[in-house]
Number of protein chains: 2
Amino acid sequence: MQDNQIYDYLLSHGVKGSVQRVAVMKYLLEHHTHPSVDEIYNDLVRKLPTLSKTTIYNTLKLFVDQGVVRMLTIDGKNANFDGDTSEHAHFFCFGCEKIYDIPQSKTNCEQEISLPGGFKAEQTELYYKGYCPACLTKRDC
Amino acid sequence: MQDNQIYDYLLSHGVKGSVQRVAVMKYLLEHHTHPSVDEIYNDLVRKLPTLSKTTIYNTLKLFVDQGVVRMLTIDGKNANFDGDTSEHAHFFCFGCEKIYDIPQSKTNCEQEISLPGGFKAEQTELYYKGYCPACLTKRDC
DNA sequence: GTACGTGCAAAGAATTTGCAGATAA
DNA sequence: TTATCTGCAAATTCTTTGCACGTAC
């Protein structure tokens with residue numbers, strides 16, 4: 001994906017671009033690994049040697065506030081980030097500690113409807129935790 | 001609720017009791033406020049002046065591992081704890097930053113079924129985020 | 001007396017803040 | 001120019017660890 005496409009993508013979400021911001025957004029669009037701040041930083045600092053972790057924090061906070069990126073708190077330790085804002089759930093594997101995308105249809109979880117008592121949800125996060133197929137095989141259970 | 005009932009409740013979940021453990025469990029059963037480590041500590045230290053925050057951490061970790069307590073990572077900052085392990089979702093209000101319980105029926109979210117590709121979920125967490133009725137009124141929207 | 005629980009102090013890790021220099025419109 | 005963005009260093013906060021003492025069976 002071209003940098004100027006990403007620049008426009010950010011602009012359309014109310015975020016002014018910069019070399020660093022485009023790099024972070026590009027990273028999230030190309031890596032569906034739900035990276036942590038550290039992972040993003042360690043990968044990007046090779047291409048942008050002067051990059052600072054503060055900038056990663058600033059950038060991700062901005063992206064999350066503008067709704068360009070989702071923050072996941074599934075692993076209980078670090079925050080993880082997802083450039084895919086379409087409706088889907090996440091699965092955290094206790095074995096390999098990776099986060100997997102899980103399709104989430106209205107049929108699977110009708111989350112918009114029927115919140116009682118006037119609660120109004122702007123976001124929904126559905127987290128599953130357990131063992132992924134590969135780790136299940138290793139453990140024989 | 002009597003301390004010895006709580007002692008037995010813990011024992012039935014494989015946790016040996018102690019003054020501190022019973023106090024923490026009692027606190028969680030009596031306060032449905034989804035408290036953080038600090039809130040639990042600050043309240044309990046008045047009754048148990050020698051109480052240490054390390055003990056709260058140790059105790060909660062033990063409880064979560066044994067499935068007596070649920071850990072919530074909904075607020076993105078601190079961990080919160082819930083002594084109610086029955087199936088229900090949580091709602092985090094951006095205004096008052098409180099966590100509310102939300103009924104979660106199979107109809108609302110059929111989470112056990114149909115995880116694709118052999119994923120096997122042991123836990124499910126459904127988080128809503130938005131504004132609670134009181135905060136919605138204040139903001140007029 | 002042996003194993004386990006508790007609590008202090010220190011260490012470690014993650015994130016935020018203050019501010020000065022760099023950059024872009 | 002003028003506002004905004006970046007990045008360093010320090011500060012803060014949250015959580016974990018190591019270890020000595022206490023407690024219970």
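Think of each chain on its own: its residues are numbered from 1, step by step along the sequence as written. The naming scheme follows written order: chains are lettered A onward, ligands numbered 1 onward. Only residues with pLDDT of at least 70 get local features here, since the model is predicted, and only at 80 or more are side-chain atom pairs given and counted; chain-wide, interface and lining totals rely on the full set of residues. Excluding hydrogens and water, the side-chain values take into account all heavy atoms of the structure.

Asker: In this structure, what is going on with the relation of the copies chain B and chain A? I would like to understand it.
Answerer: For the pair of chain copies, the relating transformation is a rotation about an axis with a translation along it. Least squares is the method used to superpose the copies, on C-alpha atoms of residues holding a pLDDT of at least 70 in both. Between chain B and chain A, the superposition needs a rotation of 179° and an axial shift of 0.0 Å, giving an RMSD of 0.1 Å. The transformation just described matches what one would write down for a two-fold rotation axis. Of all interface residues in chain B, 100% are interface residues in chain A too; the two copies therefore contact each other through one and the same surface. Any two residues whose heavy atoms approach within 4.5 Å at even a single point are treated as in contact.

Asker: Please clarify how the nonpolar core should be interpreted in this entry.
Answerer: For soluble globular proteins, nonpolar side chains are generally found buried alongside one another. Core analysis: the largest hydrophobic core is formed by 24 residues, its most contacted members being Phe91(A), Ile102(A), Tyr128(A), Phe91(B), Ile102(B) and Tyr128(B). Going along the chain from the N terminus, every DSSP run of H or I of four or more residues is numbered as a helix, and every run of E of two or more is numbered as a strand. Elements with a minimum of two residues in this core: strand E3 (88-93), strand E5 (120-131) and helix H5 (133-139) of chain A together with strand E3 (88-93), strand E5 (120-131) and helix H5 (133-139) of chain B. As used here, the term nonpolar core means buried Ala, Val, Leu, Ile, Met, Phe, Trp, Tyr and Cys residues forming a set that is joined through side-chain atoms within 4.5 Å. Using a 1.4 Å probe on the protein chains alone, a residue whose accessible area is under 20% of its type maximum counts as buried, one over 50% counts as exposed, and one in between counts as partly exposed.

Asker: In this structure, what is going on with the domain arrangement of chain A? I would like to understand it.
Answerer: Where interface size is quoted, it is often the accessible area lost as the parts come together. Each domain span listed reflects an automatic or database assignment of domains. Here chain A is partitioned into domain 1 (3-69) and domain 2 (86-140). Put simply, the middle of domain 1 of chain A and the middle of domain 2 of chain A, counted by C-alpha atoms, are 24 Å apart.

Asker: Teacher, can you tell me more about the environment of Ile40(A) here?
Answerer: All names here are of chain A. Within the secondary structure, Ile40 is located in helix H3 (residues 37-47). In the structure, Ile40 is positioned 16 residues away from Val24 in sequence and 7.3 Å away in space, judged by C-alpha atoms. Non-local contacts of Ile40, meaning those with residues more than four positions away in its chain, are made with Val24, Tyr27, Leu28, Pro35, Ile56 and Leu60.

Asker: Could you clarify how one ought to interpret the sheet that holds strand E4 (residues 99-103) of chain A in this entry?
Answerer: For sheets, the rule is that strands pair by backbone hydrogen bonds, running either parallel or antiparallel. Paired strands are those between which DSSP finds at least two bridges. One open sheet holds the six strands; their spatial order is E4(A)-E3(A)-E5(A)-E5(B)-E3(B)-E4(B), and the pairing between them is mixed. The outermost strands of the open sheet, each flanked by one partner alone, are E4 of chain A together with strand E4 (99-103) of chain B. The mean angle between the axes of side-by-side strands here comes to 30°, regardless of whether they run parallel or antiparallel. In terms of strand pairing, E3(A) meets E4(A) through five bridges, oriented antiparallel. Among the inter-strand pairings, Phe92(A) is bridged to a residue of E4(A), identified as Ile99(A). To define axes, lines are fitted to C-alpha atoms, for helices over the stretch in contact only, and angles between the resulting N-to-C directions are given on a 0 to 180 degree scale.

Asker: How do you make sense of the protein's contact with DNA strand D when you look at a structure like this?
Answerer: If a single non-hydrogen atom of a residue is within 4 Å of a molecule or strand, that residue counts as near it. Taken together, 14 residues form the shell around DNA strand D, and within it Ser18(A), Thr50(A), Ser52(A), Thr55(A) and Tyr57(B) come nearest. What you see for DNA strand D is that sugar and phosphate hold 75% of its atoms within 4 Å of the protein. In protein, a polar contact means a hydrogen-donor-capable atom and an acceptor-capable atom, both N or O and within 3.5 Å, with residues adjacent in sequence counting only if both atoms are side-chain atoms; elsewhere, any N or O pair within 3.5 Å suffices. Between Gln20(A) and DNA strand D, the recorded distance is 3.0 Å, taken from a side-chain N or O atom to a phosphate oxygen. A distance of 2.9 Å separates a phosphate oxygen of DNA strand D from a polar side-chain atom of Thr55(A). Sorting elements by how many residues they give to the surface near DNA strand D places helix H4 (residues 53-66) of chain A first, with three residues.

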